[in-house]
Amino acid sequence: MDDSSDNDQPPYVTGFNGDYEGRRAACEGGAGVEGTKYAGRQYFVGTLTGHYRDFGDYPWRWYLLAQLTVKPEAYANEAVWCEEGSIQLLDENE
Amino acid sequence: MSDPLHTQLCEQLGIEYPVVAFTHCKDVAVAVINAGGFAVLGEAMHPPEHIRADIKWIRERIGDKKFGMDLVLPASVPEEKTVEELLAMIPQESRDYEQMIKAKYNVPEPKEAPNTHTWGGLDQKRALAQMEVMFEEKVPVFASGLGSPQFLLDRAHAQGMQVWGLVGTPEQAKKQIDAGVDCIIAQGFDAAGHTGQIGTLSIVPQVVDLAQEKNIPVLAAGGITHGRHLAAVLALGAAGVWTGTLWLASRESDVKQGLKERILECETKDAVFSDCVSGYTMRTTISPWHREWRKPEAPPVLKAPLQMMLAADYIQASLDHERKDLMFEAAGQGVHYVTAMKPARQVLSDLIEETLDVFDRLCGGDDD
């Protein structure tokens, strides 16, 4: 299922998890603020596409959350990559 | 009465006083550690080789004592955009307003243009490289402000390292406690930088209640700059304090001299919570940049990272040219009590003396 890209050698391995495709999820995320030594938490709600990226050997897995219905007011994008541990599936009991 | 300053944190770290300095200056870190406190050095902005050199430098000066380091491990990152794409998203109205501010306050050009080309995306790659140094060097305490991935906790614990988590809500605290962190930093709204919405007095006891089942120490953060603050949060059940603003104007601090002077002048009302720097709300000392963006005629603050791109020249120029009238720094509401440029050792000893005075006053003192 994994497919490494050899063209420009990104620092991750991409893949797809069909179990997550279309699942609604919340992401209690956050990141460093560009140009500063500070960080801020950011909260998102959206729909997982199932696409993931694995960084490092562990691996450190990130899922793409799209169709965002909740995002910080200052967030400029329409989708966000979320660390696996920061994701909470919202439709688990449905 | 047993020594109220000898807490679980002191036992866990082998330190004399339950005071943690969070600082970006390694001289401050060493001074605090050698004076009986503990220090966590913020290394988020540094490349791996810089971090490794800092670790060596600190170890040469503190011997076998423990120390900590803080990285900003991202928990979410936007889809990548090029700097050119981002720059194209900045409206002309905002560019004009930035130019007006620079002209009005005679802001010079930065000596070196901010390197915005390192911004945006792929934070994970940098974070992984930074983390690898932490593991290789077995840094005793690893602090993370945005959560800790499970592999990090597992590997750190296997190597005898502690992992600390900083939280702004009880829900975040529960998640970190369940994940297995070794210490929780409960940060209140009074704090510097990007903070949560809950005040320090409210969040600390709630997190203490959550952490006590697993016997995890809790540090109080946000507005802690006086011994009365330390005494108060110990009474709330905290095992110590996490302090940042307290050290900004210390003699060892590498903060620019003009900025130190500004910090000493600032009152609590001058530690403003605004989104005009990065697009996200953060608490900093006030500056002309803040005042101009407060005005009704100011255009809307841009989304991240566009607002920071707009502010970058102003910030860099204020530092490059040491313009005290322009500079600002992240500072908490406790800045009121930062009133003198003292050695870090004295800052710590004064804090402890103030705390002991509180306990003497409340308990009548040991000599009665």
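Residues numbered from 1 in each chain as written. Chains lettered and ligands numbered in written order. Predicted model: local features only at pLDDT ≥ 70, side-chain atom pairs only at ≥ 80, totals over all residues. Heavy atoms only, no water.

Enquirer: Mind showing me how you'd approach the overall build of chain B here?
Expert: Tallying secondary structure elements over chain B gives 14 helices and 11 strands in all. Over its C-alpha trace chain B gives a radius of gyration of 21 Å, about what one expects of a compact globule, namely 21 Å for 368 residues. The principal-axis extent of the C-alpha atoms belonging to chain B is close to 65 × 45 × 40 Å. Put simply, chain B has 368 residues, and 56% of those count as buried. Here the analysis covers contacts within chain B between residues at least 6 apart in sequence; of these, 66% occur between residues at least 24 apart. When the accessible surface of chain B is summed, it comes to about 15200 Å², and 49% of that surface belongs to carbon and sulfur atoms. Computed over 35 positive and 52 negative side-chain charges, the inter-centroid distance for chain B is 3 Å. (Helix = DSSP H or I, 4+ residues; strand = E, 2+ residues; numbered from the N terminus. Rg over C-alpha atoms; globule rule 2.2 N^0.38 Å. Buried < 20%, exposed > 50% of the residue type's maximum accessible area, 1.4 Å probe, protein only. Contact = heavy atoms within 4.5 Å. Areas by Shrake-Rupley, 256 points an atom, 1.4 Å probe, with all protein chains shown as cover. Lys, Arg positive; Asp, Glu negative; His and termini not counted. Charge placed at Lys NZ, Arg CZ, Asp CG, Glu CD.)

Enquirer: Would you mind showing me how to read the packing of helix 10 (residues 227-235) of chain B against helix 14 (residues 344-363) of chain B here?
Expert: How two helices sit against one another is set out by the angle between their axes and by the gap between those axes. Residue and element names in this part refer to chain B. Close contact between helix 10 and helix 14 brings their axes to 7 Å; oriented N to C, the two are set at 55°. As summarised for this structure, helix 10 and helix 14 are arranged oblique, according to the angle between their axes. Note that helix 10 runs across helix 14; the crossing there is right-handed. Listed contacts from helix 14 to Gly227, Arg228, Leu230, Ala231 and Leu234 of helix 10 are Leu351, Ile352, Glu354, Thr355, Val358 and Phe359. Looking at the contact of helix 10 with helix 14, its residues break down into seven nonpolar, two polar and two charged. (Axes fitted to C-alpha atoms, helices over the stretch in contact; angles between N-to-C directions. Parallel < 35°, antiparallel > 145°, perpendicular 65-115°, else oblique. Left-handed = near helix turned anticlockwise from the far one by under 90°. Nonpolar A, V, L, I, M, F, W, Y, C, P; charged D, E, K, R; others polar.)

Enquirer: How do you make sense of helix 14 of chain B when you look at a structure like this?
Expert: The α-helix winds at 3.6 residues per turn, so residues separated by three or four positions along the chain end up facing the same way. Residues and elements named next belong to chain B. An ideal rise of 1.5 Å per residue puts 28 Å on 20 residues; helix 14 measures up with 29 Å between its terminal C-alpha atoms. Taken together, the buried positions of helix 14 are Ala344, Val347, Leu348, Leu351, Ile352, Thr355, Val358 and Phe359. Seen end-on, helix 14 carries its buried residues on one side only, within an arc spanning 130°. With its phi angle positive at about 85°, glycine 364 sits one or two positions after the end of helix 14. (Expected span 1.5 Å × (residues − 1). Arc of directions from axis to C-beta.)

Enquirer: Explain helix 5 (residues 92-104) of chain B to me, please; I cannot follow it from the model alone.
Expert: Residue and element names in this part refer to chain B. Compared with an ideal rise of 1.5 Å per residue, which puts 13 residues at 18 Å, helix 5 spans 18 Å between its outermost C-alpha atoms and is within 8% of the ideal. Along helix 5, the residues classified as buried are Ser94, Tyr97, Glu98, Ile101 and Lys102. With its buried residues spanning 140° around the axis, helix 5 presents them on a single face. Buried residues along helix 5 sit in contact with helix 12 (288-294) and helix 13 (306-320). Once helix 5 ends, the next one or two residues include asparagine 106, with phi positive near 50°.

Enquirer: Which parts of the structure should I look at to understand the interface of chain A and chain B?
Expert: At the interface, 39 residues of chain A touch 46 residues of chain B. The interface formed by chain A and chain B contains 15 residue pairs in polar contact (both at pLDDT 80 or more). Every element with two or more residues in the side of chain A that touches chain B is listed here: strand 2 (24-32), strand 3 (39-55), strand 4 (60-70) and strand 5 (80-83) of chain A. Of the residues assigned to the side of chain A that touches chain B, the class counts are 21 nonpolar, 11 polar and seven charged. One ladder, built from three bridges, connects strand 5 of chain A with strand 4 (residues 76-78) of chain B; its direction is antiparallel. Paired with valine 80 of chain A across the strands is proline 78 of chain B, a residue of strand 4 of chain B. (Polar contact = N/O pair within 3.5 Å; in protein donor to acceptor, adjacent residues only side chain to side chain. Pairing = 2+ DSSP bridges.)

Enquirer: Is there a simple way to explain the environment of isoleucine 177 of chain B in this structure?
Expert: Within the secondary structure layout, isoleucine 177 of chain B lies in helix 8 (residues 170-179). Of the residues examined, isoleucine 177 of chain B reaches a relative accessible area of 4% and is grouped as buried.

Enquirer: Just checking my understanding: could you explain the pattern of salt bridges for this structure?
Expert: Between side chains of opposite charge, pairing is possible as soon as their charged atoms come close. All names here are of chain B. Within the structure shown, the criterion is met by 22 salt bridges over all chains. The shortest N-O distance in the salt bridge between arginine 59 and glutamate 137 comes to 3.5 Å. Taken together, the residues arginine 59 in helix 3 (residues 48-62) and glutamate 137 in helix 6 (residues 123-137) connect sequence positions 78 residues apart. In the salt-bridge network here, residues are joined through shared partners; they are Arg52, Arg59, Glu136 and Glu137. (Salt bridge = Lys/Arg side-chain N within 4 Å of Asp/Glu carboxyl O.)

Enquirer: Looking at this structure, I do not really get the environment of histidine 321 of chain B. What am I missing?
Expert: Here histidine 321 of chain B is to be found in the loop between helix 13 and helix 14. Sequence-distant contacts of histidine 321 of chain B, defined by excluding residues within four places in its chain, comprise Pro108, Glu109, Pro110 and Lys111 of chain B.

Enquirer: Explain the state of the cysteines here, please?
Expert: Formally, a disulfide is one covalent bond, and it connects the sulfur atom of one cysteine to the sulfur atom of another. The full count for this structure, using the stated rule, is zero disulfides over all chains. In this structure cysteine 25 of chain B is not part of a disulfide, and its nearest cysteine sulfur, from cysteine 266 of chain B, lies 20 Å away. (Disulfide = S-S within 2.5 Å.)

Enquirer: Sorry if this is basic, but what is going on with the pairing of strand 4 of chain A here?
Expert: Remark: a regular strand shows side chains that alternate across the two faces of the sheet. Residue and element names in this part refer to chain A. Bridge analysis of strand 3 against strand 4 gives seven bridges, and the strand direction is antiparallel. Bridged to phenylalanine 55 within strand 4 is tryptophan 60. The turn linking strand 3 back onto strand 4 is made up of four residues, and glycine 56 within it adopts a positive phi angle of 75°. Pairing of strand 4 with strand 5 involves four bridges; the strand directions are antiparallel. Residue pairing across strands places tryptophan 62 opposite glutamate 83, the latter belonging to strand 5.

Enquirer: Teacher, can you tell me more about the side chain of threonine 285 of chain B here?
Expert: In this fold, threonine 285 of chain B is placed in strand 11 (residues 282-285). Among the residues examined, threonine 285 of chain B registers a relative accessible area of 0% and is labelled buried.

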